[in-house]
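Below, each chain spelled out in residue letters.
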Amino acid sequence: MSDYIPTELLAGILVRLPVEPLIRFTSVCKSWYSLITSPSFVAEHLDHTKTNTENLLLKTYDFVKKEERYLLCRGDEKFSDEFSELEFPLSTQIGHKRIVASYSGLLCMIDGGLSGCIILWNPSIRKSVTLPMPSLPQSSHRRFVLGFGAHPKTRENMVVFILYEMADVARWKFPSKVELYTQGARSWRSIHSVGHPHYLPCDDWFPAFVNGSVHWIARDMRAFDADGIPSLIMLFNMGSQAFSVLMMPGALVSENPLRLSIMSYRESLAVSCHGRTTGGSSCLWVMKEYGVEESWAKLYNITLPGMLVQIRGFRENGEVLAWTGDNQLLCYNCETKTFANSGYTGNSFPLSSYAFMESLVLVQPGNGFF
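Let us look at the structure shown here. (Residues numbered from 1 in each chain as written. Predicted model: local features only at pLDDT ≥ 70, side-chain atom pairs only at ≥ 80, totals over all residues. Heavy atoms only, no water.)

In terms of regular secondary structure, the protein chain is built from four helices and 25 strands. When burial is assessed residue by residue, the protein chain has 51% of its 370 residues classed as buried. Sequence separation of at least 24 residues holds for 48% of the intrachain contacts in the protein chain that already meet a minimum separation of 6. Split by element, the accessible area of the protein chain, about 17,800 Å² in all, is 50% carbon and sulfur. (Helix = DSSP H or I, 4+ residues; strand = E, 2+ residues; numbered from the N terminus. Buried < 20%, exposed > 50% of the residue type's maximum accessible area, 1.4 Å probe, protein only. Contact = heavy atoms within 4.5 Å. Areas by Shrake-Rupley, 256 points an atom, 1.4 Å probe, with all protein chains shown as cover.)

Of note in the backbone geometry, arginine 126 takes a positive phi value of approximately 55° without being a glycine. Within the secondary structure, arginine 126 sits in the loop between β6 (117–122) and β7 (127–131). The exposed category is assigned to arginine 126, whose relative accessible area is 59%. Within the chain, arginine 266 stands out as a residue other than glycine whose phi angle is a positive 50°. If you trace the backbone, arginine 266 turns up in the loop between β17 (260–265) and β18 (268–274). Looking at arginine 266, the relative accessible area reads 56%, which means it is exposed.

For the coordinates displayed, the defined rule picks out four salt bridges. Residues arginine 259 and glutamate 255 are paired through a salt bridge, measuring 3.7 Å at the closest nitrogen-oxygen approach. For glutamate 255, a relative accessible area of 13% gives the class buried. (Salt bridge = Lys/Arg side-chain N within 4 Å of Asp/Glu carboxyl O.)

A few words now on the sheet that holds strand β2 (residues 67–73). Pairing is antiparallel across the open sheet formed by four strands, whose spatial order is β3-β2-β1-β25. With partners counted over all chains shown, the strands left at the sheet margins are β3 (83–86) and β25 (352–356), one partner each. Adjacent strand axes in the sheet meet at a mean angle of 30° when their direction is disregarded. Here strand β1 (residues 55–62) runs beside β25; their pairing, made up of five bridges, is antiparallel. Across the sheet, the residue bridging to leucine 57 is tyrosine 354, located in β25. (Pairing = 2+ DSSP bridges. Axes fitted to C-alpha atoms, helices over the stretch in contact; angles between N-to-C directions.)

And the structure:
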């Protein structure tokens, strides 16, 4: 039947379908397989998916079963009513996997520390690939930070790896060692490090990929001998493959970076501050015009008396997903300033939420994902 349908018309129909039926349709015939797995179709399908409802991925930990759970939820009004549980495809020795980033339907994950592995996982097509770790110096005093995103023009997936080593018992060595993994080359290569001694202390927090760059909370170590160490934002542009910095909102410059989280808010760069000693408050600042530091604006302040609150994500209707110290995920209505329990909880490890969309984006070079 497809012989009587022009290829352009067929592609226009198929590109509007969810991932699951598209995977089944690759078995219809060779021409459908070639169409659905072609880079141009995958890219067009991704662009179309971005205009639809964005899902949320919740990562929890079942303390009784001692296993992680990955729940895929709707971002709209059916948020707590419809969800599916995803099965992680790999059996690993460490057991606890940290999600570094979620972008274009791929999850970048780290299993364990420097002795572990980096994993790219597309839950929609149930496929993953394990990346080799970069070559590392033989040193026991070291730590690393990861970032994940894509080249803004070629859309090639990229992972940036920043390694810090101790110069002595009290100081980190600068410049740091930086390596970049590109999906097409399937290998790491060294690149020039940041020109100034900025340190990324928050390796357990979720970096933000906005406007073609990965962003982290950083500290300006040039001010180490001054009163306090100013917090700032360090970014790595995936296109130019260069580092630069952005200044924090003035009100957050002197904040402890461990209280700061960087994130994407409706495709804008945002920073939240949480865990103040005065109570369970959390505020959100948004850079309304990217790169213009004067455009930082405080959207709101969330307070839940007597309980630590951290902003972990956003729903389509504008509600804020807030994680509490007792591992509850709450929905905060910014207009009514009220909370509603989402029904999701986590144990032992912090409950995390990530924006997620279905995609056919391949985790390996080539035109097939089987």
